[in-house]
Amino acid sequence: MIIGVPKEIKNHEYRIGLTPAGVKELSVNGHQVLVENNGGAAIGFDNAQYIEAGAKIIDNATEIFATADMIIKVKEPQPIECKMLRPGQILFTYLHLAPDPKQTELLIASGATCIAYETVTSPTGGLPLLAPMSEVAGRMSIQAGAHALEIAQGGLGALLGGVPGVAPAKVLVVGGGVVGTQAARMAVGMGADVTILDRSLTRLRQLDTEFDGRLKTVYSTADAMAQLIVEADLVIGAVLIPGAEAPKLVTKAHIKAMKKGAVVVDVAIDQGGCFETSKATTHQDPTYVVDDVVHYCVANMPGGVARTSTIALTNATLPFAVTIANKGAKQALLEDEHLLAGLNVAAGKITYKPVADVLGYEFVEAKTALNF
């Protein structure tokens, strides 16, 4: 199989779909890998390393899309990239279709077989290709939030961990999954006063045990949210419904009730955001203010630490990429129900129900779309 790795073109996105180690793995399996010129140069993976691993360097993305059987990316394809896809071509990347009707429309029109990292499942019920970036984003959310709390950034001028004689900042984490847990880990490590809201008592018990009383766990109700958010200096939105649009758990009224100079970080922004006041931002211009509350809503947060993120992501995606390349998409999907869960679009049909439901498309079973 010919595998294409174009350079990412989203604003301030420096991650890349394969490292040189990944190229070598695919090469020794008998596949040809095309990497766009300087695709990984910004994060220390230069052309020479890719060539040594067995890749061929291609000057432009147009040639890669025209030649490759499978495209491996990081971020969702931009409109210009969607229009270069062709029927039967495999696209393996993050898609986040639920809040993105335009991309969905273009992928349907392309006829490509589109497998989304974020909905591939594991035997234990997890999301193994989303988890690495959730871990990065969770940890970064505290780093970004702490910076935004500085008065020069528009925040109220609070140090997350406080100092002797001064109370630490109050951090509210909405959601106790991978993102929320990693955010809590960083915030606790920095000495903040941390509370996690979640609707699963089992998960709250696990967190209580894991953190050994170093944070507070609260069952999520409308009343609990209303009480805690007015006290919070920093709120992390860490809610996920796999493949679907994020629920708006923090309302405009909640934001209006918060302290002047408080900060909210919406890690769910890729799926539309879990704050009513959220709108996607970039690393170039990451924050804006609503009702005196600083909002950080960068849609590719892990891209800010692109080298770490690329290595973490490709560690998880590479085994699936090798399987798809070795067997072809149809056989690989048919033999692995967990990979099949990642199929969102095939042969012009929506094959992931939450996306079909939220965007108003007919849902077609994956096996039906692929004529299994």
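Residues numbered from 1 in each chain as written. Predicted model: local features only at pLDDT ≥ 70, side-chain atom pairs only at ≥ 80, totals over all residues. Heavy atoms only, no water.

K.L.:
I keep staring at the overall build of the protein chain and nothing clicks. Help me out?
P.N.:
If you tally the helices and strands in the protein chain, you get 15 helices and 15 strands. What you see for the protein chain is a C-alpha radius of gyration of 21 Å, in line with the 21 Å of a compact globule of 372 residues. Expressed along its principal axes, the backbone C-alpha trace of the protein chain runs to roughly 65 × 45 × 35 Å. In the protein chain, buried positions account for 53% of the 372 residues. The long-range share in the protein chain, meaning contacts at least 24 apart out of those at least 6 apart in sequence, stands at 63%. About 15200 Å² of surface is accessible on the protein chain, with carbon and sulfur atoms providing 53% of the total. Within the protein chain, the 37 negative side-chain charges are centred at a point lying 1 Å from the centre of the 30 positive side-chain charges. (Helix = DSSP H or I, 4+ residues; strand = E, 2+ residues; numbered from the N terminus. Rg over C-alpha atoms; globule rule 2.2 N^0.38 Å. Buried < 20%, exposed > 50% of the residue type's maximum accessible area, 1.4 Å probe, protein only. Contact = heavy atoms within 4.5 Å. Areas by Shrake-Rupley, 256 points an atom, 1.4 Å probe, with all protein chains shown as cover. Lys, Arg positive; Asp, Glu negative; His and termini not counted. Charge placed at Lys NZ, Arg CZ, Asp CG, Glu CD.)

K.L.:
Before we go on, may I ask you to explain the sheet that holds strand β10 (residues 234-237) in this structure?
P.N.:
Two orientations exist for strands paired in a sheet by backbone hydrogen bonds: parallel and antiparallel. If you walk across this open sheet you meet the 7 strands as β9-β8-β7-β10-β11-β13-β12, and the pairing is mixed. Pairing within the sheet leaves two strands with one partner each, and these edge strands are β9 (216-219) and β12 (287-290). Each strand of the sheet is rotated relative to its neighbour by a mean of 20°, with strand direction disregarded. On top of the sheet, helix α6 (residues 131-148) reaches β7 (170-174), β10, β11 (263-266) and β13 (293-296); it is set at about 150° to β10, its chief contact. The strands touched by helix α8 (residues 201-211) are β8 (193-198) and β9; relative to β9, the strand with the most contacts, the crossing angle is about 175°. (Pairing = 2+ DSSP bridges. Axes fitted to C-alpha atoms, helices over the stretch in contact; angles between N-to-C directions.)

K.L.:
Just to check I follow, could you spell out the nonpolar core for this structure?
P.N.:
Nonpolar side chains tend to gather and get buried jointly when the protein is soluble and globular. With 79 residues, the main nonpolar core has Phe 92, Val 171 and Ile 236 as its most contacted residues. When residues of this core are assigned to their parent elements, the largest contribution, 9 residues, is made by helix α11 (residues 306-327). Apart from the residues within four sequence positions on either side, Phe 92 is in contact with Met 70, Ile 71, Ile 72, Lys 73, Ile 115, Tyr 117, Leu 129, Thr 317, Phe 320, Ala 321 and Ile 324. Ala 68, Leu 85, Leu 95 and Ala 356 belong to the second-largest nonpolar core, a separate cluster that totals 23 residues. (Core = buried A, V, L, I, M, F, W, Y, C linked by side-chain atoms within 4.5 Å.)

K.L.:
I would appreciate a short explanation of the packing of α6 against helix α7 (residues 178-189) in the present structure.
P.N.:
Packing of α6 against α7 leaves a shortest axis separation of 7 Å and a crossing angle of 35°. The hand of the α6/α7 crossing is right-handed. Along the contact surface, α6 presents Ala 131, Ser 134, Glu 135, Gly 138, Arg 139, Ser 141 and Ile 142, while α7 presents Val 178, Val 179, Gln 182, Ala 183, Arg 185, Met 186 and Ala 187. The class makeup of the residues in the contact of α6 with α7 is 7 nonpolar, 4 polar and 3 charged. (Left-handed = near helix turned anticlockwise from the far one by under 90°. Nonpolar A, V, L, I, M, F, W, Y, C, P; charged D, E, K, R; others polar.)

K.L.:
What should I look at first to understand the pairing of β7 in this one?
P.N.:
The two faces of a sheet get side chains in turn, since along a regular strand they alternate between them. Burial analysis of β7 places 4 of its 5 residues in the buried class, the great majority of the element. Pairing analysis gives 5 bridges linking β7 to β8, with the strands arranged parallel. Bridging from a neighbouring strand, Leu 172 pairs with Thr 195 of β8. Remark: the β7/α7/β8 crossover connection has right-handed handedness. As paired strands, β7 and β10 are joined by 4 bridges and run parallel to one another. (Right-handed = clockwise from strand over helix to strand, strands pointing away.)

K.L.:
Just checking my understanding: could you explain the packing of α6 against α11 for this structure?
P.N.:
Each pair of packed helices can be described by the angle between their axes along with the distance between the axes. Taken N-terminus to C-terminus, the directions of α6 and α11 make an angle of 155°; their axes are 8 Å apart at the nearest point. It follows from the interaxial angle that α6 and α11 lie roughly antiparallel. Pair α6 / α11 crosses with right-handed handedness. Contacts between α6 and α11 involve Pro 132, Met 133 and Val 136 on the former and, on the latter, Ser 309, Ala 312, Leu 313 and Ala 316. Residue composition of the contact of α6 with α11, by class: 6 nonpolar, 1 polar and no charged. (Parallel < 35°, antiparallel > 145°, perpendicular 65-115°, else oblique.)

K.L.:
Help me understand unusual backbone geometry, please; the structure alone is not making it clear to me.
P.N.:
Generally, phi is negative for residues other than glycine and the peptide bonds are trans, each holding for most cases. The phi angle at Asn 38 is positive, at roughly 60°, despite the residue not being glycine. Residue position: Asn 38 is located in the loop between β2 (32-36) and α2 (47-53). With relative accessibility at 34%, the residue Asn 38 sits in the partly exposed group. Backbone geometry places Ala 347, a non-glycine residue, at a positive phi of 50°. When you line up the elements, Ala 347 lands in the loop between β14 (343-346) and β15 (349-350). Owing to a relative accessible area of 47%, Ala 347 belongs among the partly exposed residues under this scheme.

K.L.:
Help me understand α11 in this model?
P.N.:
Residues spaced three or four apart along an α-helix face the same direction, because each turn holds 3.6 residues. Between its first and last C-alpha, α11 extends 30 Å over 22 residues, near the 32 Å set by a 1.5 Å rise per residue. The principal kink in α11, of about 40°, is found at Thr 317, preceding the proline Pro 319 by one to four residues. Gly 328 occupies a position one or two residues after α11 and carries a positive phi of about 85°. (Expected span 1.5 Å × (residues − 1). Bend = angle between axes of the 7 residues up to and from the residue.)

K.L.:
Which parts of the structure should I look at to understand the side chain of Gln 182?
P.N.:
You can see Gln 182 is positioned in helix α7. We classify Gln 182 as buried; its relative accessible area is 10%.

K.L.:
Hey, could you run me through the side chain of Lys 73 in this one?
P.N.:
In this fold, Lys 73 is placed in the loop between β4 (70-72) and α4 (79-82). Reaching out from Lys 73, the side chain makes a polar contact with the side chain of Glu 8 at a distance of 2.8 Å. Setting aside chain neighbours within four positions, we find Lys 73 in contact with Pro 6, Glu 8, Gly 17, Phe 65, Glu 81, Leu 91, Phe 92, Thr 93 and Tyr 117. (Polar contact = N/O pair within 3.5 Å; in protein donor to acceptor, adjacent residues only side chain to side chain.)

Everything listed here is a matter of geometry and, on its own, says nothing about what the molecule does.
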